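# Observations on the model geometry
Residues per chain are reported as follows:
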Amino acid sequence: MIGLLLLGIPLLRDFHFESAMLAGIIGCFWAGIRSSQQTAKQDFFSALKILGLLFLAGLPLFVYSLITGCLTIDGIGFWLFIPLPSVFFGTAIGRLTRKFRFPFPKTGTILVLLFCAIGLWLIEFFTFPQVYFYNHVWGVWPGPIYDEAVHLTGSFFYFRWLTFLWIVMLWVIPVWSRNRQTKLITALTLLSLIFSYTNLDEAGIISPRQIIQQQLGGEFQTKHFELFYDDTFYSTEEISYWAARHEFHFQQIIEQLNITWPDNRKIESYLYAHAWQKKKITGAKFTSYVPIWLEKDQLHIAKQQLDDVLKHELVHVVSKQFGNNLFNGSWNIGLIEGLAEGIAKDASSRSTLHQIVAAEKPYPTAEEIQSALSMWGFYGSAGAISYTTMGSFTEYLLAEYPAGYFKEAYKSANIKSAYPKPVEELVSVWHQTLDNTPLDSVDRQVSEFIFAQRSLFEKPCPHSVDKGLRLWDTYQFQLSENDSSAAYNNLDELYVFTPDNDLVLEAWVRSQLVRKNYAAAVNAISSNDTLLTLQVLKTDALYLAKGYQKADSLLKNLAPDIQSSTARNFRYTLEMRQDSLQWLYHTNRRFATILPDSSEFHSHNLPNQMLSLNKAVEENRPQLIFLYASLLLNYPTDTDWFDIYEATINKLAYHGHFELSKKWIERTSSLNLRLRYSERLQEQQEWVNFLSNYNAVAD
């Protein structure tokens, strides 16, 4: 009956670690209480009976997951290795209180188990920066819920080995001196525990700051930051650039929130090689995070996410200055994330927060905003929805009222008492702001995409990842490791496994063109493949296979579809391939990373020139960036190239070319820019001004 009831609860209906954790908690306390009250002969078999009942409760979840295709080996493993040790752990503690004739053995057992389940976790929570935790009672919390794939790991089995050792130790302590055998078991168990606990960091059970710093290896200091980074994946120039970006965003945030930062308070920034390294060390994979509950200010970000989330995460660090006294944050999760999103404004590169929310009617009511301020209401929606909605509301509050009001609301978790107007009126005026926000079809497309996303609670198989996705994840990991050979081999396997997947086919064809396997790329794309991107790739493959006539013929056949497409990436497809020479420039850049010198650059048409500039920026080649930007300064500008203008201004300013970057800002600002583009350009202006007075290394 209990198992059937769980089928109605999101996540718990899944035969995976969440339901296994619940079974472990119930089983541990149940077994502990029972063993504290019964005779010695019943302990072992009583524990087995409790396990049988727990597995019976899990049977409907198992069947449901099996029928829906959500059942995984990891889920079965969690259900075996969480409840089973937890039940015997509870039994061992209850048995110990009974054997030693403690007063109130039942109460004592409950208190000990509560300390193990909550007390030990709190000690780790307020000591280490990790976001994964192991526990003898509830097994494991693997990290943020946004990282959906949760697997059995060596660290998990290592910790359950520790639980087993504690079970043996607690079981034999009452009779340890009975004979030589019990003495030997006690001594061996004790030695095993001591040895095992001295290797917790190496086994991945805990991740102290000092150990993380040693694993990353690199260190760089500025006035307000200590950057710890993987020195095999960041060059000296890269880390110097990111140090400047840290200081820049930090200055923006403290000025907007009117904060005076103590001179002796440095922030530790941990920069990982990639998401997979961060997952291994901290428990968070694609989720960047700030452990605001720790006394030491710090943030943890993977290299690939730095551009997207650095400012957002720094808001969390700075907001500790006015957070509550318990964990330096707000009890309203909506205020925590709304503040970061409202200042960073990074939900979309093309639409503002207000535009995204304004395009999705009806607007959230005052009651829905209040709900989003709660833990369940915030995480009940997809992250993009909750972050964007609360970000827009927070941006409105910061724009219309002094920052002090919001800081008071943040600390007290009470908007009503902090603002001079009731929540209903605040939301009503926010709605008026949304009504007055100009919208176009792009804003509606962005909004539709964001609000169509589902939360983890709404997905039928929240932790089930098929072989194709696992291979794709491995492929992305190998690319992040700069191991192109292994990545291509893995992509070959993935292509064989899912030949009809257009995303995989496109990646595989690109890899063939990079590897100069032109015939294979041509043969992989048939006339039945309706995806326009694939057909355009086929024209490139035909061209590189020395078949210009065939390539040009296919391109002419595709021209009507290309010209009628609303996708931005097809806007200059025909121009980049307008003749054999321009096509050569395009394929050299795209598949061989060959960039032109000053003499050849003039023979490129504008789309090829702009994409050569973009490639130089991506590869961080300062001399070419300066050369191309100087040569292009007198060419016509267009909002189609805004992303490249912004990236160019950013790099020109960083490399000290302030006058040229200002000229590009002036030229770009003269365009009829989208609201979001204007926000981004304004930030580049602030970046140039900041760098003019920036000293990279602290005294």
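Below is a summary of the structure that appears in this document. Computed from a predicted model, the values in this text were never measured in an experiment.

On to the side chain of Ser612. Along the chain, the position of Ser612 falls in helix H31 (residues 606-618). Judged by its relative accessible area of 1%, Ser612 is buried. Excluding residues that lie within four positions of it along the chain, Ser612 makes contacts with Arg589, Leu595, Pro596, Phe601, His604 and Tyr628.

What follows concerns the packing of aromatic side chains. Think of a pair of aromatic rings as described by two things: how far the centres are apart, and how the planes are tilted against each other in angle. The tally for this structure, following the rule as stated, stands at 50 aromatic pairs. When the ring of Tyr401 is compared with that of Tyr405, the centres are 6.1 Å apart and the planes differ by 40°; the resulting orientation is tilted. Accessibility expressed as a relative area gives 14% for Tyr401, which makes it buried. A residue is classified by how much of its surface remains accessible, and Tyr405, at 30% relative accessible area, is partly exposed. Among the aromatic side chains, those forming a connected cluster through ring pairs are Tyr241, Trp242, Phe248, Tyr654, Trp687, Phe690 and Tyr694. Across from the ring centre of Tyr241, 4.0 Å away, lies the NZ or CZ of Lys651, which sits over that ring.

The strand order across the open sheet built from 4 strands is E3-E4-E5-E6, with neighbouring strands paired in mixed fashion. With partners counted over all chains shown, the strands left at the sheet margins are strand E3 (217-221) and strand E6 (298-302), one partner each. The average undirected angle you get between the axes of adjacent strands in this sheet is 20°. Sheet strands touched by helix H10 (residues 236-256): E3, strand E4 (225-230), strand E5 (267-272) and E6. Its angle to E4, the strand with the most contacts, is close to 145°. Helix H12 (residues 306-318) rests against E4, E5 and E6 of the sheet, and its axis sits at about 165° to E6.

On the surface, Ile26, Trp30, Leu53, Leu56, Leu59, Val63 and Ile67 cluster together to form a nonpolar patch covering roughly 640 Å² of accessible area. Put simply, the parts of the chain that give the nonpolar patch at least two residues each are helix H2 (17-35) and helix H3 (43-68). The element that contributes the greatest number of residues to the nonpolar patch is H3, accounting for 5 residues. Within the secondary structure, Leu56 sits in helix H3. Judged by relative accessible area, which is 54%, Leu56 ranks as exposed.

Quick look at the pairing of E6 now. Among the 5 residues of E6, 5 are classified as buried, and the element is accordingly described as predominantly covered. Judged by which residues are buried, E6 turns out to be covered on both faces: Gln298, His300 and Ala302 on one side and Leu299 and Ile301 on the other are all buried. Handedness of the β-α-β unit built from E5, helix H11 (residues 275-282) and E6 comes out right-handed.

The next subject is the packing of helix H32 (residues 622-632) against helix H34 (residues 658-669). One can describe the packing of H32 onto H34 by two numbers: an axis separation of 11 Å at closest approach and a directional angle of 45°. Considering their axes alone, H32 and H34 lie oblique with respect to each other. As for how H32 packs across H34, the hand of that crossing is left-handed. Between H32, through Phe626, Ala629, Ser630 and Leu632, and H34, the contact on the second element is made entirely by Leu660, Trp664 and Arg667.

Now for the pattern of salt bridges. Across all of its chains, the model carries 25 salt bridges by this definition. In this structure, Arg265 engages Asp297 in a salt bridge whose closest nitrogen and oxygen atoms are separated by 2.5 Å. Remark: Asp297 occurs in the loop between H11 and E6 and Arg265 occurs in the loop between H10 and E5; sequence separation between them is 32 residues. Owing to a relative accessible area of 23%, Arg265 belongs among the partly exposed residues under this scheme. Relative accessible area serves as the criterion here: at 1%, Asp297 is assigned to the buried category. Taken together, the shared-partner salt bridges in this structure form one network comprising Arg568, Asp643, Glu646 and Arg680.

Right, let's get into the environment of Ala541. Summarising the element assignment, Ala541 is placed in helix H26 (residues 532-544). For the pair formed by Ala541 and Asn517, sequence separation is 24 residues and the distance between their alpha carbons is 8.8 Å.

Rules used in this analysis
Within every chain, residues take consecutive numbers counted from 1 along the sequence as written. Local features in a predicted model are, by the rule used here, given only for residues with pLDDT of at least 70; side-chain atom pairs are given and counted only at 80 or more, and totals for whole chains, interfaces and linings are based on all residues. To get the side-chain values, take all heavy atoms of the structure and skip hydrogens and water. Strands are runs of DSSP state E lasting at least two residues, helices are runs of H or I lasting at least four, and both sets are numbered from the N terminus onward. Classification of residues uses two cut-offs on accessible area relative to the type maximum, computed with a 1.4 Å probe and protein chains only: under 20% is buried, over 50% is exposed, and between them is partly exposed. Residue contacts are defined here by distance: any two heavy atoms, one from each residue, within 4.5 Å place the two residues in contact. To pair, rings of Phe, Tyr and Trp, with the six-membered ring standing in for Trp, must have centres within 6.5 Å; the planes then decide the type, stacked if under 30 degrees apart, edge-to-face if over 60, and tilted in the middle. Here, over-ring charges are defined by two tests on the NZ atom of lysine or the CZ atom of arginine: distance to the ring centre within 6 Å, and angle to the ring normal within 35 degrees. A pair of strands is labelled paired if DSSP reports no fewer than 2 bridges between them. Angles here are taken between N-to-C directions and fall from 0 to 180 degrees, while the axes themselves are lines fitted to C-alpha atoms, restricted in helices to the stretch in contact. By definition, no residue in a patch forms a salt bridge, and every one has over 30% relative accessible area; like charges are joined within 9 Å, nonpolar side chains (Val, Leu, Ile, Met, Phe, Trp, Tyr) within 5 Å. Note on areas: these come from Shrake-Rupley sampling with a 1.4 Å probe, and a residue is covered only by the protein chains present in the view. Throughout this description, the term salt bridge denotes a Lys or Arg side-chain nitrogen within 4 Å of a carboxyl oxygen of Asp or Glu. Handedness of a crossover: with both strands directed away from the viewer, a clockwise path from the first strand across the helix to the second marks it as right-handed. When an angle is under 35 degrees it counts as roughly parallel; over 145 it counts as roughly antiparallel; between 65 and 115 it counts as roughly perpendicular; any other value is oblique. In this scheme the handedness of a crossing depends on how the near helix is turned from the far one: anticlockwise by less than a right angle means left-handed, clockwise means right-handed.

Function-wise, these values are silent; they only describe arrangement.
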